[in-house]
Amino acid sequence: MNLRHSALAVLVAILWGVNFVAIDLGLHANGRDVPPLLFVAFRFLLVVFPFILFIRKPDVGWKAIVGVGLFMSAGQFGLLYLGMALGMPAGLASLVLQAQVLFTVLLAARFLGERPSWRQMLGVVLGVAGLAVVALGRSAVAPVLPLMIVLAAALSWAIGNIVARHSKAASGLGLVVWSGAVVPIPLAGLSLLVDGPDIVWATLNDLQPATILSAIYTAVFASLVGYGIWNRLLTLYPSSDVVPFTLLVPVVGMTAAWLVLNEIPTPAEILGGLILLLGVAIAVLGGGRKSRPGKLVVGSALRLQTPGKRAERAPQRVRRA
C-alpha cells in the first residue's frame with residue numbers, strides 16, 4: 001500500500017478504536033441499559049437516512065449488498081453490542097474482535113485465492129499470539145459467553161470482508177449506505193421479540209443524550225467514514241495487505257477505555273499490545289505481494305470494468321489494478 005492509503009487505514013483504526021468506548025457509553029447511559037439489537041438498528045437508521053436518497057447504488061449486484069449488510073453490519077455489530085451488553089469490557093472487546101484478521105486471511109486464501117506472503121502470515125500469527133496473551137490475562141474477569149459472542153462477531157466481520165473484496169465496489173461509501181439498509185428492520189424486529197415491546201418503547205421514549213451522541217458517532221465516523229474508506233481499500237488491495245491495519249484498533253480501544261472508562265490495562269494486556277504492534281509492523285511493512293492501486297475516491301461515480309467494456313470515470317479515465 002502507498003503512504004496515503006496506509007495513512008487512511010491508520011485513521012480508520014483510530015476511529016474504530018474510539019468506537020468501542022462510544023458504544024459502551026451509549027449502551028449504559030446514566031445507568032439505563034439500552035437493548036443492544038435496538039441500539040444497532042438505531043445506529044444504522046442514521047447510517048442510511050437521509051444519505052441513501054443522495055448516494056447512488058454501488059455498481060454491484062444485490063447479492064453483494066445484502067451479503068455485506070448481513071455479515072459486516074448486522075452480524076458483526078449485532079453480536080458485538082450483545083457481547084458488550086452482557087459484560088464484555090470495551091477495551092477487551094476491541095481486542096477480541098481483531099480475531100477477524102486471522103479469519104479474513106484464511107477465508108481469502110480459501111475463497112479468493114489470495115495467498116499471503118510468509119512475512120504477512122508471520123505478522124498475523126504474532127498478532128493472534130498477542131490477542132491470546134491479552135485474552136488469557138483477562139480470562140479471570142471476562143465471562144465466557146460474551147467472549148464467544150464477540151469471537152462470532154469477528155467471524156461475521158471476516159465474511160463481510162470477503163464479500164466486500166469480491167464485489168469490487170468502486171464506491172466504498174455507497175456500499176456502506178446501501179448495505180446498511182439491510183440492518184434496521186430485521187434487528188428492530190429481533191429486539192421486539194427478544195426484549196419485548198414494553199422495553200423497546202420505553203427505551204425509545206426516554207433516549208438519553210449519551211445514547212444519541214454515541215449513535216451519531218458510530219454512524220457517521222465509524223460507519224460512513226470508517227467503512228467507506230475500508231471497503232474501498234479492500235477493492236484496491238489484497239485482503240492480507242489491508243486487514244493487518246486493524247490490529248492497531250485494540251491499541252487505540254484499550255487506551256481510550258483506560259482514559260475514559262478507567263479500564264486499567266494489566267501487564268498481560270501491555271505485553272499483548274506490544275506483540276500486536278510487532279505483528280502489525282511485520283505484516284504491513286514486510287513487503288508482501290505488490291499490487292497497483294487504483295485511485296481512492298470514496299463515494300465516486302467510478303464504474304467497474306466489465307468484459308468487453310472500459311472502466312470510465314468522469315471527467316478522466318482511471319486504470320484499475
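What you are looking at is a predicted structure, and each value in this text was computed from that prediction instead of being measured. (Residues numbered from 1 in each chain as written. Predicted model: local features only at pLDDT ≥ 70, side-chain atom pairs only at ≥ 80, totals over all residues. Heavy atoms only, no water.)

A.B. asks: Explain the overall build of the protein chain to me, please; I cannot follow it from the model alone.
C.D. replies: Per the secondary structure count, the protein chain includes 14 helices and two strands. Out of the 321 residues in the protein chain, the part that is buried amounts to 54%. Counted over contacts in the protein chain with a minimum sequence separation of 6, partners at least 24 positions apart contribute 89%. Counting every atom, the protein chain has about 14300 Å² of accessible surface; 70% of that belongs to carbon and sulfur. (Helix = DSSP H or I, 4+ residues; strand = E, 2+ residues; numbered from the N terminus. Buried < 20%, exposed > 50% of the residue type's maximum accessible area, 1.4 Å probe, protein only. Contact = heavy atoms within 4.5 Å. Areas by Shrake-Rupley, 256 points an atom, 1.4 Å probe, with all protein chains shown as cover.)

A.B. asks: Explain the side chain of Asp 24 to me, please; I cannot follow it from the model alone.
C.D. replies: Counting through the fold element by element, Asp 24 comes out in helix α1 (residues 3-27). We classify Asp 24 as buried; its relative accessible area is 15%.

A.B. asks: In this structure, what is going on with the packing of aromatic side chains? I would like to understand it.
C.D. replies: Aromatic rings in a pair are described by how distant their centres are and how their planes are angled relative to each other. Under the counting rule described, the total for this entry stands at eleven aromatic pairs. Relative to Phe 77, the ring of Phe 44 has its centre 5.9 Å away and its plane inclined at 50°; by these criteria the two rings are tilted. Of this pair, Phe 44 sits in helix α2 (residues 36-48) while Phe 77 sits in helix α3 (residues 62-85), and the two are 33 residues apart along the sequence. The ring of Trp 62 carries the charged tip of Lys 57 above its face, separated from the ring centre by 5.0 Å. (Phe/Tyr/Trp six-rings, centres within 6.5 Å; stacked < 30°, edge-to-face > 60°. Lys NZ or Arg CZ within 6 Å of the ring centre and 35° of its normal.)

A.B. asks: How should the pattern of salt bridges be read in this particular structure?
C.D. replies: This structure, assessed with the given rule, holds one salt bridge. Between Asp 206 and Arg 32 there is a salt bridge, with its nearest N and O atoms 3.0 Å apart. Here Asp 206, found in the loop between α10 (197-205) and α11 (209-236), pairs with Arg 32, found in strand β2 (residues 32-33); they are 174 residues apart in sequence, far enough to count as distant. On the basis of relative accessibility, which here comes to 38%, the residue Asp 206 falls in the partly exposed class. What makes Arg 32 partly exposed here is its relative accessible area of 40%. (Salt bridge = Lys/Arg side-chain N within 4 Å of Asp/Glu carboxyl O.)

A.B. asks: I keep staring at α11 and nothing clicks. Help me out?
C.D. replies: The periodicity of an α-helix, 3.6 residues per turn, causes residues three or four places apart in sequence to face the same way. With 28 residues, α11 should cover 40 Å at 1.5 Å per step; its first-to-last C-alpha distance of 39 Å lies within 8% of that length. Most pronounced at Tyr 227, the bend in α11 amounts to some 35°. Most of α11 is tucked away: 20 of the 28 residues are buried. (Expected span 1.5 Å × (residues − 1). Bend = angle between axes of the 7 residues up to and from the residue.)

A.B. asks: Quick question: what am I supposed to make of the packing of α2 against α11 here?
C.D. replies: A packed helix pair is summarised by two numbers, namely the angle formed by the two axes and the spacing between the axes. Two elements in contact, α2 and α11, have axes separated by 9 Å at closest approach and are oriented at 55°. With respect to each other, α2 and α11 are oriented oblique. Taken as a pair, α2 and α11 cross one another with a handedness that is right-handed. Of the residues in α11, those in contact with Phe 39, Phe 42, Arg 43, Phe 44, Leu 46 and Val 47 of α2 are Thr 211, Ile 212, Ser 214, Ala 215, Ile 216, Thr 218, Ala 219, Ala 222, Ser 223 and Leu 224. (Axes fitted to C-alpha atoms, helices over the stretch in contact; angles between N-to-C directions. Parallel < 35°, antiparallel > 145°, perpendicular 65-115°, else oblique. Left-handed = near helix turned anticlockwise from the far one by under 90°.)

A.B. asks: Would you explain the nonpolar core in this entry?
C.D. replies: Looking at soluble globular proteins, one finds that nonpolar side chains tend to be buried together. One finds Leu 80 and Trp 230 to be the most contacted residues of the largest nonpolar core, which totals 73 residues. Counting residues per element, this core draws most heavily on α11, at ten residues. The contacts of Leu 80, once residues within four sequence positions are left out, are Phe 20, Ile 23, Ala 93, Leu 97, Val 150 and Ala 153. (Core = buried A, V, L, I, M, F, W, Y, C linked by side-chain atoms within 4.5 Å.)

A.B. asks: Help me understand unusual backbone geometry in this model?
C.D. replies: Phi is mostly negative for residues that are not glycine, and the peptide bonds are mostly trans. Cis geometry is found at the peptide bond from Phe 49 to Pro 50, where omega equals 5°. With respect to the element layout, Pro 50 can be found in the loop between α2 and α3.

A.B. asks: Sorry, what's going on with the confidence of the model for the protein chain here?
C.D. replies: Caution is warranted with low-pLDDT regions, since their predicted coordinates should not be read in detail. When pLDDT is averaged across the protein chain, the result is 81; 85% of the residues are at 70 or more. Confidence, expressed as mean pLDDT per element, reaches its minimum in the protein chain at helix α12 (residues 239-242) with 76 and its maximum at helix α9 (residues 184-195) with 95. Confidence over residues 287-321 falls short of pLDDT 50; this stretch has 65 contacts with residues more than four positions distant or in other chains. (pLDDT = per-residue confidence, 0-100.)

A.B. asks: Could you clarify how one ought to interpret the side chain of Gln 98 in this entry?
C.D. replies: In this fold, Gln 98 is placed in the loop between α4 (90-96) and α5 (100-111). Sequence-distant contacts of Gln 98, defined by excluding residues within four places in its chain, comprise Leu 131, Trp 157, Thr 246, Leu 247, Val 249 and Pro 250.

A.B. asks: Sorry if this is basic, but what is going on with the packing of α1 against α3 here?
C.D. replies: For the pair α1 and α3, the least separation of the axes is 10 Å and the interaxial angle reads 60°. Relative to α3, the element α1 is oriented oblique. Handedness of the α1/α3 crossing: right-handed. In this structure, α1 uses Asn 19, Phe 20, Ile 23, Asp 24 and Leu 27 to contact α3, whose residues at the interface are Phe 77, Leu 80, Tyr 81, Met 84 and Ala 85. Across the contact of α1 with α3, the residue classes break down as eight nonpolar, one polar and one charged. (Nonpolar A, V, L, I, M, F, W, Y, C, P; charged D, E, K, R; others polar.)

A.B. asks: When you look at the environment of Asp 241 in this model, what are you seeing that I'm missing?
C.D. replies: With respect to the helices and strands, the residue Asp 241 is situated in helix α12. Sequence separation between Asp 241 and Ser 6 is 235 residues; the distance between their C-alpha atoms is 9.8 Å.

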